[in-house]
Each structure stands twice: as C-alpha cells, then as structure tokens.
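# Remarks on the overall topology
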Amino acid sequence: MGGIISHAAAPPPPLLVTPEIPPHGLPLAGAIPTEKAEGNKSENVDWLNLPCPVSYDEIQRETMMSLKPELFEGLRFDFTKPLSPKFSLSHSVFMGSLEVPSQSPETIKVPTAHYEFGANFLDSRCMLFGRILTDGRMSARVKYDLTDSFSMKMNAQLTNEPHFSQGMFNFDYKGKDFRTQLQLGNNSFYGANYIQSVTPHFALGGEVFWLGHQRKSGIGFASRYCTDKMIATAQVASTGIVNLTYVQRVSDKVSLVSEFMYNHLSREVTTTVGYDYLLRQCRLRGRIDTNGCIAAYLEERINVGVNFVLSAEIDHWKKDYKFGFGMTIGEL
C-alpha cells in the first residue's frame, strides 16, 4: 500500500493500466521428525542471509489481485497480435458508461465508447507499453533493468484536459535482504521508501513523500508477514490511513482475503472480505464490504489464448448496478 498511502494525501489522475495476467498431509510416523526438523531449522536461521522482501509498493499485491480486479460496465473486446517473440500490437474496444464525479449522493453516469491502440515490447531487461485512445489520451509505461539490482520505471499519461497530464519516475534498488525506491513526479512530487527483512518471514518498511504543488508531506510505516499458507500486512500513515490485510491460502486453488481500512480524517471504516478461486478453466474472484457493495469477476478460458470475461458490481445503498462482459484474444 505504499502507493495507497501516498496517494491518499494527493490522489493523481489514474494512469491507463495495461492488464497484467498474474499467476499434503503426512502419516503420523513422519509427523514427529518433521516437527523436529522445523524446530532445528528455526534455531539455525542465518541472519546474515535473509531473503529479499517484495518492494514496498507491492506489499499488498496478493490482496489487490483478489479483492480489486479490473471491474467494468458495458462491453469490452481486447485483441493482442504478436508480430515477433518480443513485439506485439493490441487493439481494444470499449462501449459502456463512466461515472462522473459529483457531490450529490446519486451516481451520475455518462455513456461512452472508445477504441484503444497499443504497442508492446517485452525483453529480459526491458518492457515498453504504449497506448493511444480515440479521445486523444496517450499513455506509456517503461521498465528497464540497468543491472541485476538496479532498475528504472516510468509511467506517463497525456490528456487534452489541463492539469490532468502526469508523469512518474521510479528508481529501484534491490539488495540482498532489502529494497529501496526513489520516486519523482510532476507537481513537484518526491518520495522514497525502504523495506527490510527482519526474519525469514517478516519484513518492516517505511516511506516519506512531499507534494510541493499542494505543500503537503507525509510519512508511513508498513509490515508484512508471509508464510506458505498466509500473508498478513499492516500499514499506517500520517495522512490518517490505517490498513490491515490478511490472505489465507486454503489450498493451491482457493484463497480467502480480508481487508480493514480506517480513515481518521473522515472517520470512515470499511471492512472487505473476498475469495479467489482458481479452477482448471476459469478464475473467479468476488468480494463484499460493509458498505453493502458486492462484486464478482469471472475469467473463463474458452481455448488457448481466448478468454471470456464477466464483471458485476452491485451497490444497494447507492442503487448503482454495473454489469459487463467481454472477450480477450491473445496474450502478452
């Protein structure tokens, strides 16, 4: 939630996101030696060779993938055509509704439709993604590994609307048992974070940021505990955000997820529970929160490289109902 805490103070306009496709018992005679071996292993931890943790802005990656899929309303069609092992072109058509920010409690939607053209380059050291839409918006994402430990990332979006274009540069360094990142963005945004493995399963980190355009600064702290069966995270920031998440891996195909979010400034509290079910031919994700919002996202693999997508979100309190379906052909 490194990015969540920072953006809570000054949320920038959303970048155009390129979809990413993610990812028993023993007999009693063998149980006793196993427990003894685990005890010896915990006593013989090499504290000078701890594992490298995940980056600070990916502390909650499992939670985000399960609870916050790319929900949409309307029709979506995505087609990716590879031209070489490293280069491909993508085409996307969307027809549906978009919500317009409003101070009234009622949800205001505007019909919209657009076509998106993209180019993708994937290499062992370099990733390039470019997108352009019929409404004039353009976006780009770049990731380049300068060395095995040092990498650079860039995200940019250009729009016709004033003050909505944005850019962000990230410089990441990966150590043996730590990671650190420096962030530079438009509107005089500066940020830095650091995360360190404390034990083989536990990591602690912190971040600072300064938004010169609004003359706001903040500091945050985070922790992550990860084993083969569960992942727990906790984050707190001076912006008044407290966030707790927990992921329980019931099996190789089923995960249960929960999230607690508290905003001290607005006194808002939200608790969300969800599931992530991976079947042989499909992946089903769903959630429900204390605001009465229910959502589900289904990806069905019809054939190799052909996926059918169903999206649904129901908010009874706001009387807002979103349903979408789509087709995805080809993979990056």
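Here, every reference points to the structure presented above.
Note that the structure is a prediction, hence the values are computed from the model and not measured.

## Let's talk about the overall build of the chain
Along the chain, the regular secondary structure elements total three helices and 19 strands. Counting across all 332 residues of the chain, residues that qualify as buried make up 33%. Element-wise, carbon and sulfur atoms account for 63% of the exposed surface of the chain, whose accessible area totals about 19800 Å².

## Some words on the pattern of salt bridges
Evaluation of the coordinates by the stated rule reveals 20 salt bridges. Of the charged contacts in the structure, one is a salt bridge between lysine 143 and aspartate 145, with a shortest N-O distance of 2.8 Å. The class of aspartate 145 is buried, set by a relative accessible area of 18%. Linked by salt bridges that have partners in common, Glu73, Glu99, Lys109, Arg287, Glu313, Asp320 and Lys322 make up one network.

## Some words on the pairing of strand E8 (residues 178-185)
Across seven bridges, strand E7 (residues 166-174) lies against E8 in antiparallel orientation. Bridge pairing in E8 places methionine 168 opposite glycine 185. Where E8 and strand E9 (residues 189-197) come together, eight bridges link them in antiparallel fashion. When the bridges of E9 are listed, leucine 182 appears paired with alanine 192. Here E8 folds back onto E9, and the loop between the two strands holds three residues, one of which, asparagine 187, carries a positive phi near 60°.

## Structural notes on the packing of aromatic side chains
Enumeration according to the criterion identifies three aromatic pairs in this entry. With centroids separated by 6.0 Å and ring planes inclined at 35°, the aromatic side chains of tyrosine 173 and phenylalanine 178 adopt a geometry described as tilted. Taking the relative accessible area as the measure of exposure, tyrosine 173 reaches 39% and is therefore partly exposed. Taking 6.5 Å as the distance between ring centres and 25° as the angle between the ring planes, the aromatic pair formed by phenylalanine 189 and phenylalanine 209 counts as stacked. Of this pair, phenylalanine 189 sits in strand E9 while phenylalanine 209 sits in strand E10 (residues 202-211); the two residues are 20 residues apart in sequence, bridging distant segments of the chain. The class for phenylalanine 189 is buried, based on a relative accessible area of 8%. An aromatic cluster of three or more residues is present, and its members are Tyr173, Phe178 and Tyr194. Stacked on the ring of phenylalanine 72, the Lys or Arg arginine 76 has its end atom at 4.4 Å from the ring centre.

## Topic: unusual backbone geometry
Positive phi values are uncommon outside glycine, yet histidine 163 reaches one of about 70°. Structurally, histidine 163 can be placed in the loop between strand E6 (150-158) and E7. Even without being glycine, arginine 267 reaches a positive phi, approximately 60°.

## Comments concerning a nonpolar patch on the surface
Taken together, the side chains of Leu75, Phe77, Val93, Met95, Tyr115, Phe117, Ile132, Met138, Leu158, Leu310 and Phe325 present a nonpolar region at the surface, about 890 Å² in accessible area. Within the residue set of the nonpolar patch, elements represented by two or more residues are strand E1 (74-82), strand E2 (87-100) and strand E3 (108-122). Tracing the backbone through its elements, the reader meets leucine 158 in strand E6. According to the relative accessible area criterion, leucine 158 is partly exposed, its value standing at 47%.

## Thoughts on the nonpolar core
With five residues, the main nonpolar core is built from Tyr56, Ile59, Ile195, Ala203 and Ala222. Ignoring anything within four residues of it in the chain, the contact list for alanine 203 reads Pro53, Ile195, Gln196, Ser197, Val198, Ala222, Ser223 and Arg224.

## Digging into the side chain of lysine 153
Secondary-structure assignment places lysine 153 in strand E6. Here aspartate 172 takes part through its side chain, which lies 3.5 Å from a polar atom of the side chain of lysine 153. Excluding its chain neighbours within four sequence positions, the residues that come into contact with lysine 153 are Asp57, Val142, Lys143, Met168, Phe169, Asn170, Asp172 and Gln181.

## So, the environment of valine 208
On the secondary structure map, valine 208 appears in strand E10. Sequence-distant contacts of valine 208, that is, excluding residues within four places in its chain, are made with Tyr190, Gly191, Ala192, Gly218 and Ile219.

## Some points on empty space enclosed by the protein
Volume-wise, the largest cavity comes out at about 40 Å³. Around the largest cavity, the lining residues are Ser66, Leu67, Pro69, Leu71, Arg285, Gly286, Arg287, Ala295, Ala296 and Tyr297. Where the lining of the largest cavity is concerned, the elements lending two or more residues are helix H3 (61-67), strand E16 (282-289) and strand E17 (293-303). Across the lining of the largest cavity, the residue classes break down as six nonpolar, two polar and two charged.

What counts, and at which threshold
Residues numbered from 1 in each chain as written. Predicted model: local features only at pLDDT ≥ 70, side-chain atom pairs only at ≥ 80, totals over all residues. Heavy atoms only, no water. Helix = DSSP H or I, 4+ residues; strand = E, 2+ residues; numbered from the N terminus. Buried < 20%, exposed > 50% of the residue type's maximum accessible area, 1.4 Å probe, protein only. Areas by Shrake-Rupley, 256 points an atom, 1.4 Å probe, with all protein chains shown as cover. Salt bridge = Lys/Arg side-chain N within 4 Å of Asp/Glu carboxyl O. Pairing = 2+ DSSP bridges. Phe/Tyr/Trp six-rings, centres within 6.5 Å; stacked < 30°, edge-to-face > 60°. Lys NZ or Arg CZ within 6 Å of the ring centre and 35° of its normal. Patch = residues over 30% accessible without salt bridge, like charges linked within 9 Å, V, L, I, M, F, W, Y side chains within 5 Å. Core = buried A, V, L, I, M, F, W, Y, C linked by side-chain atoms within 4.5 Å. Contact = heavy atoms within 4.5 Å. Polar contact = N/O pair within 3.5 Å; in protein donor to acceptor, adjacent residues only side chain to side chain. 1 Å grid on protein atoms, 1.4 Å probe; cavity = no way out; pocket = protein on both sides within 12 Å on 5 of 7 lines; lining within 4 Å. Points joined across faces, edges and corners; volume = space filled by probe spheres on them. Nonpolar A, V, L, I, M, F, W, Y, C, P; charged D, E, K, R; others polar.

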